[in-house]
Amino acid sequence: MGLFERTEARGRLGFRVFSCSIFVAIFLIWIYRILYMPAPGDKGRFVWFGMFMAELFFAFFWICTQSLRWNIAFFHPSKHALSLRYGENIPGVDIFICTADPMIEPPTMVINTVLSVMSYNYPPQKLSVYLSDDGGCELTFYALLEASKFSKIWIPFCKKYNILPMSPQAYFDQLNHTFPPQFSLVKKQYEEMKERIESAVEKGSVSRDIKDEHKGFLEWNHNVTKRDHQPIVQIMIDGRDNESGVDYDGNPMPTLVYQSREKRPQFPHHFKAGAMNSLIRVSSVISNGSIILNLDCDMYANDSDTLRDTLCFFMDENRGHEIAFVQHPQVFNNNSINDLYGNSFRVVRQLEQPGLSGYGSAAYLGTGCFHRRETLCGKKYSAETKLKLETDNKRDGRSVHELEEASKLVASCIYDKDTLWGKEMGLVYGCAVEDMTTGLTIICRGWKSIYHVPKREAFLGLAPVTLEIDLIQNKRWTEGLFQILTSKYCPFTYGHGKMKLGAQIGYTAYLLWAPISLPTLYYVIAIPISLLLSIPLFPQMKSLWMIPFAYVFMFRNIYSIVEEIVCGGNIKSWWNLQRMHIFRRTSANLFGLIDSITKQLGLSQSSFSVTPKVVTDDILKRYEQEIMEFGSSNFMFTILATLAMLNLISLVIWAVINNGLDMELMILQVVLCGIMVLLNLPVYQAMFFRSDDGRMPIDVVIKSVGLASIVSCIMLKY
């Protein structure tokens with residue numbers, strides 16, 4: 001018996017029949033577009049041709065999404081079998097946590113993630129936790145120092161009373177749990193620690209008395225800046241030390257390390273990929289765990305047995321040697337009741353990603369991912385070689401000081417200059433979504449990967465709580481995904497003969513986020529303009545040609561509603577998701593496409609924007625009430641408001657001028673335009689009816705109303 005089993009999703013045959021029926025209807029729509037193309041010189045010919053091209057692209061995109069659903073598979077580990085077979089003879093695990101800016105990513109949030117992973121149900125001498133501070137800030141170092149002290153009481157408290165989740169803040173925020181002994185004492189110490197850290201952050205510095213407590217503060221002087229500083233490596237807790245490396249109950253603790261890699265203006269630092277590669281090298285000097293877990297600083301551990309569950313995949317005697325990495329879902333615990341900004345990604349987590357995993361090609365998503373160290377460092381798969389995970393950390397007799405000095409060498413700027421790092425070793429450089437690129441390169445070396453959906457979420461994090469942050473984040477993702485599509489790492493070329501065709505097509509569904517913005521934008525503009533010009537774009541109601549259009553429109557939406565409900569959502573969350581699809585495609589995805597093209601043409605340079613994790617109480621209150629946030633003059637809001645006004649104005653003008661006379665001829669256009677108006681109700685409210693700080697700024701309102709009115713007047717005159 002193996003350590004894990006694979007099961008196929010139920011209802012696959014029914015889905016495939018349904019999917020084929022949709023494709024037949026799409027094919028009939030193409031035939032209609034060709035047969036009824038307006039004659040040359042007709043004013044509707046150009047608009048009609050644009051609709052045809054948009055629908056061709058929509059169909060291709062839809063086919064790619066069907067590939068994600070064609071071969072869905074789920075994997076079930078057996079940690080009980082693992083314990084019976086191996087006991088405590090299990091490999092070392094190194095956990096990487098990355099942060100970049102204490103003002104955007106609060107140190108208290110970061111240390112909650114650190115404390116949660118230090119509390120895993122795992123032999124502490126085989127567990128090492130590394131915090132990469134890419135901001136090189138003494139405030140983050142101070143927070144970790146405080147966390148290292150508090151961990152001496154928090155870790156035994158977690159293990160003794162099986163505390164879940166293991167993040168102190170998340171645990172203390174719960175209202176529905178019983179209070180174990182020591183609860184009040186531990187909470188009091190946590191609140192005192194949190195107050196000290198937040199006080200230092202508010203002041204912007206650490207007091208001299210505190211600095212005198214730890215030698216690590218000597219690394220910071222007036223020459224240290226965020227973008228120009230020496231490598232800093234400090235071992236905060238040495239798990240090998242039987243005196244300082246024990247908790248208050250005398251039990252050994254995991255090793256805890258602070259790292260801030262060297263940064264110099266004259267050297268490219270490669271953003272998160274550079275930080276991760278530095279962590280790989282530093283950890284190889286200090287602990288060299290066979291398994292690497294990387295987490296974002298806002299994703300805390302939610303299940304104490306996650307490490308043991310995941311080891312079942314790597315240590316299975318029959319199939320484990322083929323697996324390079326195991327990706328867990330990225331789940332957010334702060335989504336509003338009806339998922340206002342569509343960030344729960346229920347269908348993506350529970351269906352699409354397991355669909356890629358069914359081909360043995362699960363995507364690496366940048367956080368919550370367990371890697372086999374050798375594969376992350378460039379090792380190619382060979383069927384003849386069965387890798388054996390080292391069950392003892394290779395740690396020599398060097399002192400803490402000697403390990404720190406050796407680590408600083410591999411964390412320097414010049415270490416990976418003109419080497420294979422960032423190319424064939426570590427995370428790949430040069431892409432905004434270095435995680436997916438890296439995953440593709442690993443899979444194309446012959447390895448397999450698994451997407452594991454556990455019964456209890458392994459990690460919980462924070463989703464954006466404002467529309468602007470959501471769009472900025474999606475713009476960055478879109479830009480990086482389009483980079484992959486147009487680079488040598490495109491799945492259809494790079495993965496040819498190395499990946500299954502279904503996986504190649506499935507990956508492409510995400511890489512098309514940028515170009516799908518163009519047909520979406522065309523549809524959103526062409527429908528209202530065609531109403532103003534009285535140009536029919538669809539068959540009449542009584543025509544048989546209306547059947548394929550109606551079939552695709554109705555049943556595709558019905559199926560997506562069923563998916564949302566089956567995955568735990570509801571009708572309102574589905575509606576919110578449809579709105580966000582339109583918002584993202586016509587703004588964030590569009591600008592991601594433009595920025596990606598300008599960078600590839602050398603007209604601009606790559607950048608990496610960290611999305612803020614802190615917002616005001618007023619914004620949080622509106623978010624909890626599911627009121628969209630528009631309180632910014634971001635140009636993307638001008639685009640959204642202009643499109644919303646164009647559809648509203650066109651629908652009103654058509655209704656007044658035609659008085660319903662052309663309803664049978666224009667019915668589908670009226671319906672689509674009406675749906676756009678309904679989707680944009682929060683935009684109209686923010687423009688004209690709200691008075692809070694989240695309303696649409698007046699300059700955005702004036703520009704959008706003016707632009708939409710000008711376009712409408714021109715079309716009417718035409």
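The structure we're discussing is the one just above.
Conventions and cut-offs
Residues numbered from 1 in each chain as written. Predicted model: local features only at pLDDT ≥ 70, side-chain atom pairs only at ≥ 80, totals over all residues. Heavy atoms only, no water. Helix = DSSP H or I, 4+ residues; strand = E, 2+ residues; numbered from the N terminus. Buried < 20%, exposed > 50% of the residue type's maximum accessible area, 1.4 Å probe, protein only. Contact = heavy atoms within 4.5 Å. Areas by Shrake-Rupley, 256 points an atom, 1.4 Å probe, with all protein chains shown as cover. Lys, Arg positive; Asp, Glu negative; His and termini not counted. Charge placed at Lys NZ, Arg CZ, Asp CG, Glu CD. Pairing = 2+ DSSP bridges. Axes fitted to C-alpha atoms, helices over the stretch in contact; angles between N-to-C directions. Core = buried A, V, L, I, M, F, W, Y, C linked by side-chain atoms within 4.5 Å. Parallel < 35°, antiparallel > 145°, perpendicular 65-115°, else oblique. Nonpolar A, V, L, I, M, F, W, Y, C, P; charged D, E, K, R; others polar.

A word on the overall build of the protein chain. On a plain count of helices and strands, the protein chain comes out with 25 helices and 13 strands. For the protein chain, the spread of C-alpha atoms along the three principal axes comes to 85 × 60 × 55 Å. A buried classification covers 60% of the 718 residues belonging to the protein chain. Sequence separation of at least 24 residues holds for 83% of the intrachain contacts in the protein chain that already meet a minimum separation of 6. As presented, the protein chain carries roughly 30,200 Å² of accessible surface, and 60% of it is formed by carbon and sulfur atoms. A distance of 6 Å separates the average location of the 70 positive side-chain charges in the protein chain from that of its 69 negative side-chain charges.

Those residues of helix H13 (residues 400-410) that sit buried are Leu403, Glu404, Ala406, Ser407, Lys408 and Val410. Turning to H13, the residues buried within the fold contact strand E5 (232-237) and helix H9 (271-286).

Checked against the element boundaries, Lys572 lands in helix H20 (residues 571-600). Sequence-wise, Lys572 and Asn338 are 234 residues apart; in three dimensions their C-alpha atoms are separated by 6.0 Å. Dropping the residues within four chain positions of it, Lys572 is found in contact with Asn338 and Glu626.

As summarised here, the arrangement of the 3 strands in space is E8-E13-E10, forming an open sheet in which the pairing is mixed. Of all strands in the sheet, those with a lone pairing partner are strand E8 (300-301) and strand E10 (331-332), marking the two edges. Pairing geometry for E10 and strand E13 (residues 459-461), over 2 bridges, is parallel. By the bridge assignment, Phe332 is partnered in E13 with Gly461.

Turning our eyes to something else, we now look at the sheet that holds strand E4 (residues 127-133). Read across the sheet, 8 strands follow the order E5-E6-E4-E3-E7-E11-E9-E12 without closing on themselves; strand pairing throughout is mixed. Since the sheet does not close on itself, it has two edges, and those belong to E5 and strand E12 (448-451), each with one partner. Recorded for the sheet is a direction-independent mean angle of 20 degrees between the axes of neighbouring strands. Direction of pairing for E4 relative to strand E6 (residues 255-260): parallel, over a ladder of 5 bridges.

In this section: the nonpolar core. Ranked by internal contacts, the top residues of the largest apolar core, which has 76 residues, are Ile95, Ile97, Tyr120 and Trp154. Apart from the residues within four sequence positions on either side, Ile95 is in contact with Val117, Tyr120, Leu127, Ser128, Val129, Tyr130 and Leu293. With 65 residues, the next largest nonpolar core counts Phe630, Leu640, Ile667 and Cys673 among its residues.

A few words now on the pairing of strand E9 (residues 323-327). For E9, the tally of buried residues reaches 5 of 5 residues, placing the bulk of the element in the interior. Inspection of the sheet shows E9 paired to E12 by 4 bridges, in the parallel sense. Residue Val326 lies in a different strand from E12, and its bridge partner there is Ile450. Pairing geometry for E9 and strand E11 (residues 369-372), over 3 bridges, is antiparallel. Looking across to E11, one finds that Val326 is bridged to Phe370.

Put simply, helix H15 (residues 467-485) and helix H22 (residues 635-658) touch, their axes get as near as 10 Å, and they point 105 degrees apart. By the angle between their directions, the pair H15 and H22 is classed as roughly perpendicular. Residues Leu467, Glu468, Leu471 and Ile472 of H15 touch H22, and the partners they reach there are Met636, Phe637 and Leu640. Among the residues making up the contact of H15 with H22, the classes are represented as 6 nonpolar, no polar and 1 charged.

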